[in-house]
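Listed here are the chains, written in short residue letters.
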Amino acid sequence: DTGVSQNPRHKITKRGQNVTFRCDPISEHNRLYWYRQTLGQGPEFLTYFQNEAQLEKSRLLSDRFSAERPKGSFSTLEIQRTEQGDSAMYLCASSLPTWGTEAFFGQGTRLTVV
Amino acid sequence: AQKVTQAQTEISVVEKEDVTLDCVYETRDTTYYLFWYKQPPSGELVFLIRRNSFDEQNEISGRYSWNFQKSTSSFNFTITASQVVDSAVYFCALSAVEYGNKLVFGAGTILRVKS
């Protein structure tokens, strides 16, 4: 297992376009998280899944953002009608379902909205 | 209110110096977990250590050591004999029931180790 994989690594898009990112977690991990990190800040929680169920969404996740994990394996995060304020690093992490267990992160997708 | 505070924005040291990164957290829960992650320039957050609130024993792993003090709500991280490869951003994080069990990160400390 090579760890958490995210694609693409970089994405440049024009304001108003839609973008979709993919995350492949560690295979035996039931939990999958999305975080957003802006320059000079720590990652901020966006949403998480246990298997295919989306259990929590942050207030940061506006209605332009949607995440899915259709078969409890990979996940996608879509941003519709992108805005310049969406420019950030989007990080995916996965973990076992036990509370307090460490989460393993992917290398992230850096989004630039021009 | 910030739940995890890393007051040191950036620290620069010369190789072989010891360096301590501070972390102060805030939670009403009596059961919680604390973590340290390292983020090298490649961007991937690398897990370093996890500590639960009932285990105040300090831990040493090679050149790394961690000092957990519930009385001061601190979980500090010391690198002994720093090396250039230690240059990275280091994040302290908290997982507590009042925050929905997700990781809440501090703003990070940039560590620059010069040769």
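(A) A look at the interface of chain B and chain A. Listed as interface residues are 23 residues of chain B and, on the opposing side, 18 residues of chain A. Both sides of the chain B and chain A interface together cover about 1800 Å² of buried area, and 58% of this is carbon and sulfur. On inspection of chain B and its partner chain A, the count reaches two salt bridges. In this structure, the connection of chain B to chain A is made through seven residue pairs in polar contact (both at pLDDT 80 or more). If you tally residues by element for the side of chain B that touches chain A, the top one is strand β5 (residues 32–39) of chain B, at five residues.

(B) Inspection of the state of the cysteines at higher detail. Per the stated rule, a full pass over the model turns up two disulfides over all chains. Paired by a disulfide, C23 of chain A and C92 of chain A hold their sulfur atoms 1.8 Å apart. Residues C23 of chain A and C92 of chain A share a disulfide whose torsion about the S-S bond is about -70 degrees; that sign makes it left-handed. One end of the pair, C23 of chain A, is in strand β3 (residues 19–24); the other, C92 of chain A, is in strand β9 (residues 88–95), with 69 residues separating them in the sequence. Like C92 of chain A, C23 of chain A is buried. The disulfide bridge from C23 of chain B ends at C92 of chain B, spanning 2.0 Å between sulfur atoms.

(C) Broad picture of empty space enclosed by the protein. For the structure on display, the rule yields one cavity of 30 Å³ or more. If you go around the largest cavity, you meet 15 residues; those closest to its centre are Y33, G100 and T101 of chain A together with S95 and N101 of chain B. The dominant element in the lining of the largest cavity, judged by the number of residues it contributes, is strand β4 (residues 31–37) of chain A, at three residues. For the lining of the largest cavity, a count of residues per class yields six nonpolar, six polar and three charged.

About the cut-offs
Residues numbered from 1 in each chain as written. Chains lettered and ligands numbered in written order. Predicted model: local features only at pLDDT ≥ 70, side-chain atom pairs only at ≥ 80, totals over all residues. Heavy atoms only, no water. Contact = heavy atoms within 4.5 Å. Buried area = accessible area lost by both parts, 1.4 Å probe. Salt bridge = Lys/Arg side-chain N within 4 Å of Asp/Glu carboxyl O. Polar contact = N/O pair within 3.5 Å; in protein donor to acceptor, adjacent residues only side chain to side chain. Helix = DSSP H or I, 4+ residues; strand = E, 2+ residues; numbered from the N terminus. Disulfide = S-S within 2.5 Å. Buried < 20%, exposed > 50% of the residue type's maximum accessible area, 1.4 Å probe, protein only. 1 Å grid on protein atoms, 1.4 Å probe; cavity = no way out; pocket = protein on both sides within 12 Å on 5 of 7 lines; lining within 4 Å. Points joined across faces, edges and corners; volume = space filled by probe spheres on them. Nonpolar A, V, L, I, M, F, W, Y, C, P; charged D, E, K, R; others polar.

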